[in-house]
Amino acid sequence: MTEKIVILDFGSQYTQLIARRVRELNVYSEIYPYNKFPEAKDRDGIKGVILSGSPYSVNEEKAFTADLSGIRNNFPLLGICYGAQLLAHISGGVVESGDSREYGRARLSSVSSTDPLVKGVRENSQVWMSHGDTITKVPSNFTLIASTVQVEKAAYHIEGEPTWGVQFHPEVFHTEDGMLILGNFIKDICQCKQDWTPESFIESTVDRLKDQLGDDKVVLGLSGGVDSSVTAVLLNRAIGKNLTCIFVDHGLLRKNEYETVLKNYAHLGLNVIGVDAKERFYSALQGVEDPEKKRKIIGKGFIDVFDEEARKISDVKWLGQGTIYPDIIESLSITGTVIKSHHNVGGLPKNMNLKLVEPLRLLFKDEVRKVGYALHMMPEQIQRHPFPGPGLGVRILGEVTPERVRILQDADDVFIRGLREEGLYDKVWQAFAVLLPIRSVGVMGDERTYENVVALRSVNSLDAMTADWSHLPYDFLSRISNEIINKVKGINRVVYDISSKPPATIEWE
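Quantities reported herein were computed from a predicted structural model and do not represent experimental measurements. (Residues numbered from 1 in each chain as written. Predicted model: local features only at pLDDT ≥ 70, side-chain atom pairs only at ≥ 80, totals over all residues. Heavy atoms only, no water.)

For the rest of this paragraph, the subject is the sheet that holds strand S4 (residues 77-80). Ordered by their spatial adjacency, seven strands build an open sheet running S2-S1-S3-S4-S9-S8-S7, and the pairing between neighbours is mixed. Whereas interior strands pair on both sides, the edge strands pair on one side only; in this sheet they are strand S2 (28-33) and strand S7 (142-146). Each adjacent strand pair in this sheet contributes to an overall mean axis angle of 20 degrees, direction not counted. With respect to the sheet, helix H2 (residues 82-90) is in contact with strand S3 (46-51), S4, S7, strand S8 (155-158) and strand S9 (163-166), its orientation differing from that of S4 by roughly 110 degrees. (Pairing = 2+ DSSP bridges. Helix = DSSP H or I, 4+ residues; strand = E, 2+ residues; numbered from the N terminus. Axes fitted to C-alpha atoms, helices over the stretch in contact; angles between N-to-C directions. Contact = heavy atoms within 4.5 Å.)

Right under this line is the structure:
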């Protein structure tokens, strides 16, 4: 049985980062809404619980709260920031608004030399604070184990129970001994074996898929990307010939990608059906400019194609998808606010008689790549940059037409080939071109032009939750800009996107 740490999400921007940090310690972690701790029958394997931060104050009427009576004393418990304040608040302590919001670096002092949570943590080591409230009074059974200049009760242990709280964020890179603190909690306090590895994930996932699917047939939509490819290999290991893969050319792939991807899949021994549906998608997208409408049209088109192809195969019961954790997180926040609809999230229409199987839905992108390497897949498949299901449909701002697709494919091809030639492709997380819905004046030779503008986008990230723009060499960008303008008919201006996420998203639509 897989050991796991449960993280109760109170809405913090860092909740997913906590999960990642726990997994970096080779322990499986899973995020649950703050008020949805697993029922008693589903608690096997839980070794500890972490309470996340929150955008709220514990004193606000709308603040998230939870009944922790079934957790405290039954599981080791660590409250982070809001989680620590909530524990103090419900235990009879006092949490008050500070004179000013504390955000940024602080230095630890008075670090306990005997408490297991802060064992080995250095005096004066840096931590990251992000809160407006602070704990001003704690019950008598709370023992302080660390302080800062501004926050006396920076960390505590509740005597008589395996419960700790820290008002800083150990999961954030800026907290110098943060991984040590989390490691102390995971290894020493929760006594986890730290045996959750790519190899163990493969073994447990294949076993689970065999039990889940039995002799049922599965149809899987391939995109050529790492997520769907790893999903295909896992399913193939579990059910072999009962898996049929469908690769749809919706006319919104990168240049020559349809032929290249089919060739790359040949060595995997997969049963792949190629479907040319370009004209079908172009027709459906004619005149549509709204990005959400485009996503839904493309998503529905995929489902319709899958449904038609699946009906040609007798007794298909499942649709495989390469859904990963950021897909789920971005589609619906804990507060119910939709950021954007995602092509891999949202289920299937009632008239499509297929159930979903999503082997990767709880993995982050870099974890998927590690699994791919453990499956002995080709590096060029594993290291391929993320590519959205709607493809160039969400990289062509405004209406999608065959001519605009041609322009973007050619410009994008120049950019990606250039990155590979310069040895930069594997140094950035994702790179692509975007065709803007504007035209600009230019001069070519002695003639005035009025042509399209393309934006180049390149970011560095670990999991798509946050991203920073890539600081590509100026000489490289200059060469690529000149090559695009000279070789791609219809473009006379190239710009480079230097926005980070947040506040921007990685994709433009």
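After presenting the structure, the write-up continues.
In an α-helix, one turn spans 3.6 residues, which is why side chains three or four residues apart end up on the same side. Between its first and last C-alpha atoms helix H12 (residues 402-421) spans 28 Å; for 20 residues at 1.5 Å apiece the expected length is 28 Å, and the two agree. At the exit of H12 stands Gly423, carrying a positive phi of roughly 70 degrees. (Expected span 1.5 Å × (residues − 1).)

Another point: the sheet that holds strand S10 (residues 217-222). Taken together, the five strands give an open sheet; going across it, the order is S12-S11-S10-S13-S14, and neighbouring strands pair in parallel fashion. Either end of the sheet is taken by a strand with one partner, and the two such strands are strand S12 (272-276) and strand S14 (355-357). Taken over all neighbouring pairs, the strand axes of this sheet differ in orientation by 30 degrees on average, direction set aside. Bridge analysis of S10 against strand S13 (residues 316-320) gives four bridges, and the strand direction is parallel. Bridging across to S13, Val218 finds its partner in Trp318. Lying over the sheet, helix H5 (residues 226-239) contacts S10, strand S11 (243-249), S13 and S14, oriented at roughly 160 degrees with respect to S10.

Taken as a whole and judged by the stated rule, the model has 12 aromatic pairs. Ring plane angle 90 degrees and centroid distance 5.0 Å describe the contact between Tyr56 and Phe64, whose orientation is recorded as edge-to-face. A relative accessible area of 11% means that Phe64 is categorised as buried. Members of the aromatic cluster, connected to one another through ring pairs, are Phe10, Tyr34, Tyr56, Phe64 and Tyr82. One cation-aromatic arrangement involves Arg20 over Phe364; the distance from NZ or CZ to the ring centre is 5.1 Å. The aromatic ring of Tyr425 is capped on one face by Arg420, whose charged end is 3.8 Å from the ring centroid. (Phe/Tyr/Trp six-rings, centres within 6.5 Å; stacked < 30°, edge-to-face > 60°. Buried < 20%, exposed > 50% of the residue type's maximum accessible area, 1.4 Å probe, protein only. Lys NZ or Arg CZ within 6 Å of the ring centre and 35° of its normal.)

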